[in-house]
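Next come the chains, spelled out residue by residue.
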Amino acid sequence: MSEELENILFQLTQPDNAAIQKATAQLKQAFKDPAIIPALCAVMTGSQNPQIRQSAAVMLRMRVKKHWKKISPEHRESLKAVVLQAFHQETEHVVRHSLSQLSAVMVKHETPDRWPALLTLLNESTKSNNPQDRQVGLLLLSKVVDSNPEAFKPHYKQLLQLFGNVLQDVTNTTASYYCILTLTAITSYTGTEEMNLMRSLIPRLIIALKHLIQADQNQAAEALEVFDELLESEVSILVPHIAELVRFCLEVSSDVSLSDSLRVKALSCIALLIRLKSKAVLKQNLLAPILQVVFPIMSATPPPGEEDPEDEENSDGNNDSESPKHFATQVIDTMALHMPPEKLFKQLMPMTHACLASENPYERKGGLLCLAVLAEGCADHIRTKMLSSVLQTVCRSLSDNNQVVRSAGLFALGQFSEHLQPDVSKYHTELMPLLLGYMSSLNEAKIGHVTKAFYALENFLENLDDDIESYLPTLMETMLSALHNTDNLKLKELAVSAIGAIANAAKEMLVPYFPPIIESLKGFLTDIQEEMRSLQTQALDTLSVLARTIGKDVFSPLAAECVQLGLKLTDAVDDPDLRRCTYSLFSAVSTVSPESLIPHLTAITTLMLMSLKSTEGVTAHVEEDKQFVLLDDDDDDDDDEEEDVLEEDGENEVDNVAGFSVENAYIDEKEDACDALGEIAFSTGAAFQPFLESSFEQVYELRDFPHEDVRKAAFGAMGQFCRAQHKVWQENPTEANHKALHKLLEVVLPCFLEVVKQEHERQVVMGVLEAMNAIIKSCQGEALHTPGRLEEISHAIRDVLKKKTVCQDGGGDEADDDEQQAEYDAMLQEFAGEGIPILASAVPAETFYTHLNDLLPFIMNKAKPSCTVADRSFSVGTLAETLHSLVSVAGGRAVAGRLSNRLLPVLAAGVKDSDAEVRNNSVYGLGVLAQAAGPIVSTDYPMMLSLFSNLLSKESDRRVIDNLCAALCRMIMSHTEGVPLEQVLPALLDRLPLQEDMEENKTIYSCLAFLYSHNPALIITHMKPILSAVTHVLGTKDIDADTQNTLVVLLRDIGQQYPQEFESAVMLLPVERRTKMSAAVAQS
C-alpha cells in the first residue's frame, strides 16, 4: 500500500487539477483502510521526496489528533517507534518540524512516562556535543512540552538545568529560541521548588535574547512572551531582576532599527511590569529612565510622506494600531492608573511642558496625548491642582496652525470631559464656543477630524445638565440638519450619537425636538441595507438614552413599538453590535414601561441567553493547520478542498500558543446581555420568575470568562437577580419566594467574597463590591441571615482597606509608604468603605458594633491632613454616613454615643479643612452625630455651635452653607435645650432657601414644623422670613411629596391659629408667590 500511497501523495503536488481531483478521491478511499497508519509510516521514513515525507507526517498527525482511540495498540506502538526513528534520521528542517508536531499530538495521548524512548531521545539529543543535534532535540522538546506541559512536571528541575546550559551558548541562537519557548510553556505550571532555579536563569535569558534579536527578530518577538508569562504567573521570580529587565526592554523599545512588533513587545512588557509591580519600579528609581525613552517614541515624527494612523484621512477614531507610538502612550496610561500622581507628575510634567513648547508639531502632539491619557488615572490630582492650566493648554492647541496638533487637542478635551467631571463642565462658557465653531463647518472638514470634534463635544455635553439650555437651539439645529441634509452616513452616525449625549444632559428640555428625532431614528432602523449597520447600531443606542431621559409620559406610548422594532431587527440581521444595542434598548424600555416588555420576555431572554452561551468570535489558539483538511472517513463531503493538503508551511506556526482571543464585538455583546438581563429581571419583577433560574445559571457560568468586562457584568447581573428576587418576595411574601431568595444569596455572596480576595483586576473587584453593597442595601438583614456572613463581609472590607487582596498586589514583597497610592487603588478602597454604613443600617447596632470598631481606624486614618483631598473627603464622608445609618437602627443611639469621643475630633478638624467637600462632609457628620447620639453628646453642643458660628461667618461655598443649616436643625430636633434658639434661628432663616443641597429641605422644614409644635410663639415671631423661604420651595421639584405635605399642614394651622400675624406676613410676599401659596394650601 505504501508505494500506492506515495504515488497518490506525489500526484497531489502536481500542478494539474484533474490529477489532484483523482488523487483526492483515491486518498479518501485509502483512509478507510486500517492499514493506512503503517503505510503512512513507511512513506514518512522511506520516501526520497522531502515534500512527500512531510505530507505523510502531517496526515498522520491529523489521524492521531482525531482518531487516537481508534488506532490499534500495535499500530500505536509501532508509530511511537517509527516517529522517533524518522526524527533521528531526518535531514530536512521542514520535515523535522512536522515530525515534532506529530510527536506533540501523540504526547497529548501518550504521556512521557508511557513513552520512555521519547525521553531518552530528548535527553541524548539536547545534551549532544553536536550543536545541530542539540538544536533539533530542543525543537522536539519545545513542541512536546508545549502540547502537554503538566505531564513533564517531574522533569522540570532537569529541564531548567538544561536551559541554563543552552542559554550560555549565545552562538546557537536557534537553540536558545526553542529553549525559551519551552520555558514559556512550563512557567505557569512551576511550583516553589523550581523558583530559585528559574530566578537564576533570568540574567542569562536577557543576554540570550539580545543575541537572538541580532539573529532573527521574528523569533525574538515570539520569545519575548516569556516575560509576559513570568509576569502573569510567577512575578516574584522577576522582582530581583526588575532593573535589568526594564533596561533591556528600554534598549529594545528605543532602537528604531528594530521591527515595530519587537519594539511593541518590549513596551507592552514595561506596561505589564508597571501594572503588576509599580511599587518596585518606583523603589528602584526606574520611572525617570522609562520616561526618557517613552517620550521620544510618543512624540516621534513619522517617516517622510507618512502620517500616524490616527491622523490619516479615513481614520474613524478607533485606531488601536500596533505601533510603538501607540504603546508608548499606553505605558503613560498604565503609569497614571497604577502610580501615585505626586510621584509621577514630579518627573513627567517637565517633559510634557518641554514637548508642548516645542517647534515640532509632533512633539506638541506628544505632550497633548500625554495629558489626555493621564486624565483617567490621575483625575483627582488634575481636578484639584491644575485643571485651569491644562485646559488653557488644550484650548490653545485647538487653534494651533497644524491639524495634527488640533486633533490631539480634541482628543485631550474629550478625555478631560469624560474623566474630570464635574469640575470641567464649569468651563463651558470658554469651551462650548470653540466646539460649536468646529460644528459650524461640518460639511467642509475632513471626516477623520470631524470624528474627533464630535468625540470632544459629546463627552463635554454629557455632563452639562441644566447649563446645556442656552446651547440647545444651536446644537439641535446642527444635529437635525446633519440628519436631514447630508448623504454622508458617518456624519449622520456622529449626529445621532451626539443627540444621545445631548439627551443625557437636557432630559425633558429635549421634548420639543422629540418628534423629528424619532422620525429620523425610525427611518434608519427600518432600512436593512448592509451599509446602514453602524448607523442603526448608533440609532438604537440613542433610542435607549431617550427612553431613560425624555420622561415616562413622552416615551411610554412608543415603548411597545420599540420592542417590536428591536425583535424584528435581531431577526433580520445577524450582527453582534446590533444585538448588543437591542438588548440595551429592551433594558431601557423595562425601566419606563415594563408592561410593554412582559409579553415578549420568552423571545428576549432566549436571544440573550444564546448570546451568553455563544462561543462565536472566540478563537482558541491551539496548534492547528489552517490550510489542512482532515482526510477522514467521516469527511465525505468536502472533496473540493483536498488540494489544500500540501500548503502547510511547517515553519510559520506562530499561532500554536494555547490561549484564547475574543473579538471585541462579541465581548461587548456578552457584557451588554448580562447588564440587560439583570435590569430587566429587576424591572419586570414577578413576570421574570419563569426565566430567572435559566438566566442565573447562564450568567453564573461567565464568572471565570477570560475577559474582565464580561466577568464584571456577570457579577453585576447576579446582584440584580438577588435584588429582583427580594422585590418579588416583598410583594408576595410566600415561603417559596423566601426560599428562592436565600438559595440565590447562598450562591452569590460566597462567590463575591471569593472574587474580592482572589481576582486580579481592580475594576472587577470594584464591580463586585458595588453589587454586594446594592444587595445588602436592598435585602438588609435577609442578606446577612447566614451565621458568620456579617463577619465574612466585614473581613473582606477590612482586607481591601488593608490592601491585602490579590488585585492590590496584596502580600507583596514591598513595604508601602501608606499615604501615597494610585487614585484607582484609593477608589477601590472607597467602594469597600461604602459597605460600612450599608452594613450599619442592615442589622441592630450592637450586632455590628465589634466589626465597626475593627474597621473605623482604617477609615479615620485617611482623615489626616497629609492625606489627599479625595481620601480626607472619603474618610469623613464614610464616618458621617455610618452615623446616619445608626439613627434608624435598634440600639443606634447607645452605639453612636459610645463612638462620639473618637469621631468628634476627626469631624471637628474636618470642618476647618481647606477643601469645601471635606468641610461639607464634616459638617453633615457633626449634624448626624447629634441626631444619632441625642442628649448623650449635649455637653459637646457649645463646642459644635462655636465651630459652626465661625464657619458661617466666612463660608462662601453654598453646599457647605446648606449642610450647615441642616446640621443646626438636626441639633435642634435632637436636643432643643442645648441650642440658644434666639440667636441660631434668625441666622438659620437668613440662609434660606437652600441653593445646592435640595435633599436637606426635608430636614429644614421638618425642624420648623417641630419647633412650631413645641414653641409656636418663636415661629410666629419669625413669620416673615419663614413664609418667604417656604414659598420659594412650595410646589417645586426642590421638595418631595412628604415635605410639601408637612408645609401645607403647617401653613393651614398657622393660618387658623394665628390669622392676624399670618395675614400680615402674607401681604408682604410678592403677588405671584402669594397666589402660589394660596393655590398649594387650597389644593392639598
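With that out of the way, let us pick up the overall build of the chain. Looking only at helices and strands, the chain has 53 helices and two strands in total. The C-alpha radius of gyration computed for the chain amounts to 35 Å, which stays within 12% of the reference 31 Å derived for 1084 residues, consistent with globular compactness. Considering only C-alpha atoms, the chain reaches an extent of 120 × 75 × 60 Å along its principal axes. Scored against the burial criterion, the 1084 residues of the chain give a buried share of 56%. Put simply, of all contacts in the chain between residues at least 6 apart along the chain, 75% involve residues at least 24 apart.

Take unusual backbone geometry next. The omega torsion of the bond from Gln421 to Pro422 falls at -5°, within 30 degrees of zero and hence cis. For Pro422, the position within the fold is in the loop between α22 (403-419) and α23 (428-440). Cis geometry marks the peptide bond from Leu992 to Pro993, where omega comes out at 0°. Here Pro993 shows up in the loop between α47 (981-990) and α48 (1001-1014). Phi angles above zero are rare outside glycine, and Asp465 is one such case at about 55°.

Our next topic: the pattern of salt bridges. Inspection of every chain in the model, using the stated rule, returns 39 salt bridges. For Glu561, the salt bridge identified is with Lys522, shortest N-O distance 3.3 Å. You can see Glu561 sitting in helix α29 (residues 552-572) and its partner Lys522 sitting in helix α27 (residues 514-525), a full 39 residues away along the chain. With a shortest N-O distance of 2.8 Å, Arg872 and Asp913 are connected by a salt bridge. One end of the pair, Arg872, is in helix α42 (residues 869-887); the other, Asp913, is in the loop between α43 (892-911) and α44 (916-933), and 41 residues separate them in sequence. Three or more residues are tied together by salt bridges with common partners; here these are Asp308, Glu310, Asp311, Lys325 and Lys365.

On to the packing of aromatic side chains. The full count for this structure, using the stated rule, is ten aromatic pairs. Taking the ring centre of Phe682 as reference, the NZ or CZ of Arg723 above it sits at 4.3 Å. Looking at Lys727, its charged tip hangs above the ring of Phe682, at a distance of 4.3 Å from the centre.

The subject of this paragraph is the side chain of Ser695. The topology assignment puts Ser695 in helix α34 (residues 689-700). When sequence neighbours within four positions are dropped, the list of residues in contact with Ser695 reads Leu609, Leu677, Phe688 and Phe721.

The interhelical angle for the contact between helix α35 (residues 708-731) and helix α36 (residues 735-758), taken along N-to-C directions, is 155°, at an axis separation of 9 Å. With respect to α36, the axis of α35 lies roughly antiparallel. Seen from above, α35 lies across α36 with left-handed handedness. Each of Phe715, Met718, Gly719, Phe721, Cys722, Gln725, His726, Val728 and Trp729 in α35 lies in contact with α36, whose residues at this interface are Asn737, His738, Ala740, Leu741, Leu744, Leu745, Val748, Cys751, Phe752 and Val755. Residues that form the contact of α35 with α36 fall into these classes: 14 nonpolar, five polar and no charged.

All right, on to the state of the cysteines then. In the structure shown here, the tally under the stated rule is zero disulfides. As a non-bridged cysteine, Cys269 has Cys249 as the owner of its nearest cysteine sulfur, 3.8 Å distant. As a non-bridged cysteine, Cys581 has Cys562 as the owner of its nearest cysteine sulfur, 14 Å distant.

We now examine helix α14 (residues 242-254). The first and last C-alpha atoms of α14 sit 18 Å apart over 13 residues, in line with the 18 Å expected at 1.5 Å per residue. Three or more residues of α14 are buried, namely Ile242, Ala243, Leu245, Val246, Phe248, Cys249, Leu250, Val252 and Ser253. On the buried face of α14, the contacting elements are α11 (192-215), α13 (225-238), α15 (260-283) and α16 (287-298).

Before going further, it helps to examine the environment of His600. Relative to the elements of secondary structure, His600 occurs in the loop between α31 (594-597) and α32 (601-613). Remark: the alpha-carbon pair of His600 and Ala25, spanning 575 residues in sequence, is separated by 52 Å. If we skip the residues at most four places from it in the chain, His600 touches Val563, Gln564 and Leu567.

As a further point, take the packing of α34 against α35. Their axes nearest at 10 Å, the elements α34 and α35 cross at an angle of 155°. When the interaxial angle is binned, α34 and α35 end up roughly antiparallel. Remark: the crossing between α34 and α35 carries left-handed chirality. For the pair formed by α34 and α35, the contact residues are Gln689, Leu692, Ser695, Phe696, Val699 and Tyr700 on the first element and Ala714, Ala717, Met718, Phe721, Gln725 and Val728 on the second. Counted by class, the contact of α34 with α35 contains nine nonpolar, three polar and no charged residues.

Let us look at the environment of Ser358. Structurally, the position occupied by Ser358 is in the loop between α18 (341-356) and α19 (361-377). Apart from the residues lying within four places of it in its own chain, the contact partners of Ser358 are Glu363 and Arg364. A polar side-chain atom of Ser358 sits 2.8 Å from the main-chain amide nitrogen of Asn360.

With that out of the way, let us pick up the confidence of the model for the chain. This prediction gives the chain a mean pLDDT of 89; 94% of its residues lie at or above 70. When the criterion is pLDDT under 50, residues 620-660 qualifies, and its contacts beyond four places in sequence or with other chains add up to 87 contacts.

Attention shifts here to helix α53 (residues 1071-1083). Between its first and last C-alpha atoms α53 spans 18 Å; for 13 residues at 1.5 Å apiece the expected length is 18 Å, and the two agree. Of the residues making up α53, those classed as buried are Arg1073, Met1077, Ala1080 and Val1081. Viewed along the axis of α53, the buried residues span an arc of 95°, placing them on a single side of the element. Opposite the packed face of α53, turned more than 90 degrees from it, sit the exposed residues Val1071, Glu1072, Ala1082 and Gln1083. Packing partners of the buried residues in α53 comprise α50 (1023-1033), α51 (1041-1057) and α52 (1059-1067).

What follows covers a negative patch on the surface. Taken together, the side chains of Asp465, Asp466, Asp467 and Glu469 define an acidic patch exposed on the protein surface. Classification of Asp467 as partly exposed rests on a relative accessible area of 39%.

Another point: the environment of Val264. Its location among the elements puts Val264 in helix α15. Residue classification places Val264 among the buried residues on the basis of a relative accessible area of 7%. Between the C-alpha atoms of Val264 and Ala221, which are 43 residues apart in sequence, the distance is 8.9 Å. Contact partners of Val264, with chain neighbours within four places excluded, come to Glu322, Ser323, Pro324 and Phe327.

What counts and what doesn't
- Residues numbered from 1 in each chain as written.
- Predicted model: local features only at pLDDT ≥ 70, side-chain atom pairs only at ≥ 80, totals over all residues.
- Heavy atoms only, no water.
- Helix = DSSP H or I, 4+ residues; strand = E, 2+ residues; numbered from the N terminus.
- Rg over C-alpha atoms; globule rule 2.2 N^0.38 Å.
- Buried < 20%, exposed > 50% of the residue type's maximum accessible area, 1.4 Å probe, protein only.
- Contact = heavy atoms within 4.5 Å.
- Salt bridge = Lys/Arg side-chain N within 4 Å of Asp/Glu carboxyl O.
- Phe/Tyr/Trp six-rings, centres within 6.5 Å; stacked < 30°, edge-to-face > 60°.
- Lys NZ or Arg CZ within 6 Å of the ring centre and 35° of its normal.
- Axes fitted to C-alpha atoms, helices over the stretch in contact; angles between N-to-C directions.
- Parallel < 35°, antiparallel > 145°, perpendicular 65-115°, else oblique.
- Left-handed = near helix turned anticlockwise from the far one by under 90°.
- Nonpolar A, V, L, I, M, F, W, Y, C, P; charged D, E, K, R; others polar.
- Disulfide = S-S within 2.5 Å.
- Expected span 1.5 Å × (residues − 1).
- Polar contact = N/O pair within 3.5 Å; in protein donor to acceptor, adjacent residues only side chain to side chain.
- pLDDT = per-residue confidence, 0-100.
- Arc of directions from axis to C-beta.
- Patch = residues over 30% accessible without salt bridge, like charges linked within 9 Å, V, L, I, M, F, W, Y side chains within 5 Å.
- Areas by Shrake-Rupley, 256 points an atom, 1.4 Å probe, with all protein chains shown as cover.
- Lys, Arg positive; Asp, Glu negative; His and termini not counted.
- Charge placed at Lys NZ, Arg CZ, Asp CG, Glu CD.

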